[in-house]
Amino acid sequence: MPRFPFTAVVGADDLSTALVLTAISPAIGGVLVRGEKGTAKSTIVRGLVGVLPRVDVVAGCRFSCDPADPAPDCPDGPHPIGADAAVTAERRPTRLVELPVGASDDRVTGSMDLAQALGAGRTEFHPGLLAQAHRGLLYVDEVNLLADHLVDLLLDASAMGRNTVERDGMSVTHPARFVLVGTMNPEEGELRPQLLDRFGLSVDVNASRDPDERAEVVRRRLAFDADPDAFSARYAAAEAELGARIVRAQEALDGVDLSAWALRTIARVCAGFDVDGMRADIVIARAARAHAAWCERDRVTREDIRIAARFALSHRRRRGPFDPPGLDEELLDRLLDEEPEPPTDPECPDDPQPPSGGSDDDPNGEPGDGDDAPDNDDDGPPPAGSQQPPASSDRATESSSDSVDPQHDSPSDAEESSQEQPSSEQRTGAAAAVGTASAGTPYRPRRFEVRGVGRGEAGRRSAAETTRGRVIGVSPTTTGRVHVTATITSAASRRTAGTRGRLDIAAHDVRHARLRGRESNLVLFCVDASGSMAARKRMDEVKTAVLSLLLDAYERRDKVGLVAFNGADAHVLLAPTSSVDRAAAALTQLPHGGRTPLAEGLTLAASTLERERRRDPRRRALVVVVTDGRATSGPDALACAQRTASAWPGLGVDTVVVDCESGRFRMRLAADLAHRMGATHVPLENVSASGLVDAVAAARAPHGKAA
């Protein structure tokens, strides 16, 4: 199937530069491409293979050894060297190996060849995707959805250039040097900062807002779809020129001088951005040398360091899960200019994307990408904070402007509500947002999990039979890792006494291991944002608690959703998603005020759960209802909420009610709500793990003594 030419992609200068740099120096550690859907992420990565040089490999070697320098420990070796090597060599295009999100450890790293082990009685290694990608390109689409341990494994192999497999009685090491490229849509969830740091470079891509550029994207896409071969032929010269330039840069790389001035500048930049560890310094040094070689210079200049730093630092600035990536380019320029640069060479000749072959005079136009339209801005990553959620508005004087239903207020509430009469809008139950509370610093919350044993996607919250964990038994019907001992035992049990010779193993003898580990869940937050919450000055504490639980969900790889209710109705602020930072942004902007439509909030949460259950029936849910238990919107609001709560156990969903009631006189409405729902009742102050410990200590303390 024809691939869209690399040089035909429109407006992807930063991305193409980063990919070329890693092709010149794979030791950089790969590229992470972040961007919204339809921005040519996948298309340009697949097109890169077309400009990479062909490679010489030892004929028949499953690990693509270089005939001029074969790996001494290659499992298919030893290979002949010298005059005999030419006889066994063959030349092939650079490989593009795609790693699917659902790949297993064995498929990635390699494993025992069961056909040889069970059929011929020989222990033989079956290469995985890392072996196939050696001296080529390994591409992971939606890398943020890949299991964390697999991402770590890929990045380790990419950095070390080797893959070691220790399992099933085997110990195998083979070379695994490849250009690693991962693409992701941040809306579907972020990578953990620890994993972000392992990628050498990172590029943000965004769709162009220039009408002319967008029109050119469409023209090129249509021309490619109409005649892929003719379209590719028009770019053949540009592709060949770019490929030759990459080869020249690879050959010149070792001769590029990294001066003492350049090293000091790199160190000053990384220290100025307060980057953890030394990986950023090393990556910038390698990328700057690659860029200098690309620009046909024999030493690293300020511009080389600047370009390398832009790609190497933006994702390393993200230390917490809710911190957006980004880079302050003004600070970068100040740090670069602190020490004058020695006399420099001429500027870099051309961009990595020659414009030849795609002029506007072509009557057919020359298309960009279709599904992944290649139309990102030329200006590189957005400035720091461009993806940050808007800051919360100033907090209003909550106690004097919140609506509270006098029928359900405690005496102390009545005193607060008497300071200001509710408006006519509040009397009718309409939403009356009076302020936006800000969350405090997140803390480590209690661990909540779904009861029983599930069968969902591997994660870190609730007990489940998953693809990872300890072996708890065998099964002839499940898929996954083969249990060799149980398989042999099953085959041996069919042999008659005294039979000798090779053991015959049939398909129905195969047994798979059952693994007990943990799964990820859907954590659906149902948050009371009414005036009664704000009247107690509790909304900032509520947001801090929910933010802490969101952080916990992020670490446990859960999906999250957010339902809020106030005024006269409830709203889904965020449909279930893997993007926890989007939930945090929605929470930050959540206003409070108005009456409390508790029944409507629970009803909307139930319907959201039902929709998600149809989409993903294996993922179990945990509902966290954050409320003081009051219901003040509509006629007979409290009785309606109680009826809804009494029907809740029929959903079969584990639920936690976080009780936000405070004050000396408490109505215990949230506790009654939890009882009716069959939920766990947790006071707000006990959401924190340390708060729970303090509460237990106080309960155990002798009378008359402080806890």
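Owing to the predicted nature of the structure, the values given are computational and were not obtained by experimental measurement. Per chain, the residues get numbers from 1 upward, laid out in the order the sequence is written. Where totals are concerned, whole chains, interfaces and linings use all residues; where local detail is concerned, this predicted model gives features only for residues with pLDDT of at least 70, and gives and counts side-chain atom pairs only at 80 or more. Computation of side-chain values: all heavy atoms of the structure, hydrogens and water removed.

S.K.: Which residues make up helix α10 (residues 236–252), and what values go with them?
M.R.: For an α-helix the count is 3.6 residues per turn, leaving residues at separations of three or four pointing the same way. Working definition: helices are DSSP H or I runs of at least four residues, strands are E runs of at least two. Numbering for both runs from the N terminus. What a helix is expected to span follows from its residue count: subtract one and scale by 1.5 Å. Counted at 1.5 Å a residue, the expected span for α10 with its 17 residues is 24 Å, and the 24 Å between its end C-alpha atoms agrees. Note on exposure labels: buried denotes an accessible area under 20% of the residue type's maximum, exposed denotes more than 50%, and partly exposed covers the range between, all computed with a 1.4 Å probe on protein chains only. Among all positions of α10, only Ala-238, Glu-239, Leu-242, Gly-243, Arg-245, Ile-246 and Ala-249 are buried. Each buried residue of α10 sits inside an arc of 160 degrees when the element is viewed along its axis, so together they form one side. Facing away from the buried side of α10 by over 90 degrees, the exposed positions are Ala-237, Ala-240 and Glu-251. What the arc measures is the spread of directions leading from the helix axis to the C-beta atoms.

S.K.: Let's hear about the side chain of Thr-644: which residues, and what values?
M.R.: Relative to the helices and strands, Thr-644 is located in helix α22 (residues 637–647). Every residue pair with non-hydrogen atoms within 4.5 Å of one another is taken to be in contact. Other than its neighbours up to four places away in sequence, Thr-644 contacts Ala-599, Leu-602 and Thr-603.

S.K.: Explain the pattern of salt bridges residue by residue, including any values.
M.R.: Just to be clear on terms, a salt bridge is a Lys or Arg side-chain nitrogen sitting within 4 Å of an Asp or Glu carboxyl oxygen. Scanning the model with the defined rule gives 36 salt bridges in all. Across the pair Asp-672 and Arg-676 runs a salt bridge whose closest N-O atoms are separated by 2.8 Å. Taken together, the residues span about one helical turn, with Asp-672 and Arg-676 both in helix α23 (residues 669–677) at a distance of 4 residues. Overall, Arg-676 belongs to the partly exposed group, its relative accessible area being 29%. One salt-bridge network, in which partners are shared between bridges, spans Asp-14, Arg-302, Arg-306, Arg-310, Glu-329, Asp-333 and Asp-337.

S.K.: Break down unusual backbone geometry for me, citing the residues and quoting the values.
M.R.: Positive phi is not limited to glycine here, since Asp-274 has a value of about 55 degrees. With respect to the helices and strands, the residue Asp-274 is situated in the loop between α11 (260–272) and α12 (279–294).

S.K.: Please set out the sheet that holds strand β10 (residues 179–184) residue by residue, giving values where relevant.
M.R.: Pairing between strands is defined by DSSP: at least two bridges between them are needed. The strand order across the open sheet formed by 5 strands is β4-β7-β10-β1-β11, and the pairing between neighbours is parallel. Looking at which strands have only one partner, the edges of the open sheet turn out to be β4 (96–98) and β11 (201–205). Geometrically, the sheet is characterised by an average inter-axis angle of 20 degrees between neighbouring strands, direction not taken into account. Taken together, the 3 bridges between β4 and strand β7 (residues 137–141) define a ladder with parallel strand orientation. Paired with Glu-98 across the two strands is Tyr-139, which belongs to β7. Orientation is described by lines fitted to C-alpha atoms, with helices fitted over the stretch in contact, and by angles between N-to-C directions that extend from 0 to 180 degrees.

S.K.: An account of the nonpolar core is requested, with residue identities and associated values reported.
M.R.: Nine residue types can take part in a nonpolar core, namely buried Ala, Val, Leu, Ile, Met, Phe, Trp, Tyr and Cys, and a core is a set of them joined through side-chain atoms within 4.5 Å. Counting 69 residues, the largest nonpolar core has Leu-19, Leu-201, Ile-284, Ile-305 and Leu-313 as the members making the most contacts within it. For this core, the element with the most residues is α12, which contributes 10 residues. With near-sequence residues (within four places) excluded, Leu-313 lies in contact with Val-269, Cys-270, Phe-273, Val-275, Ala-280, Ile-284 and Leu-327. Membership of the second largest hydrophobic core comes to 36 residues, among which are Val-546, Ala-553, Leu-622 and Leu-684.

S.K.: Lay out the packing of helix α1 (residues 13–24) against helix α2 (residues 41–48) with the relevant residues and their values.
M.R.: Orientation of α1 relative to α2, taken along the N-to-C sense of each, is 35 degrees, at an axis distance of 11 Å. Between α1 and α2 the crossing geometry is right-handed. Contacts between α1 and α2 pair Leu-15, Ser-16 and Leu-19 from the former with Ile-44, Val-45 and Leu-48 from the latter. Three categories are distinguished: nonpolar for Ala, Val, Leu, Ile, Met, Phe, Trp, Tyr, Cys and Pro, charged for Asp, Glu, Lys and Arg, and polar for the others, with Gly belonging to the last. Considering only residue class, the contact of α1 with α2 consists of 5 nonpolar, 1 polar and no charged. Two helices cross in a left-handed way if the nearer one is turned anticlockwise from the farther one by less than a right angle. They cross in a right-handed way if the turn is clockwise.

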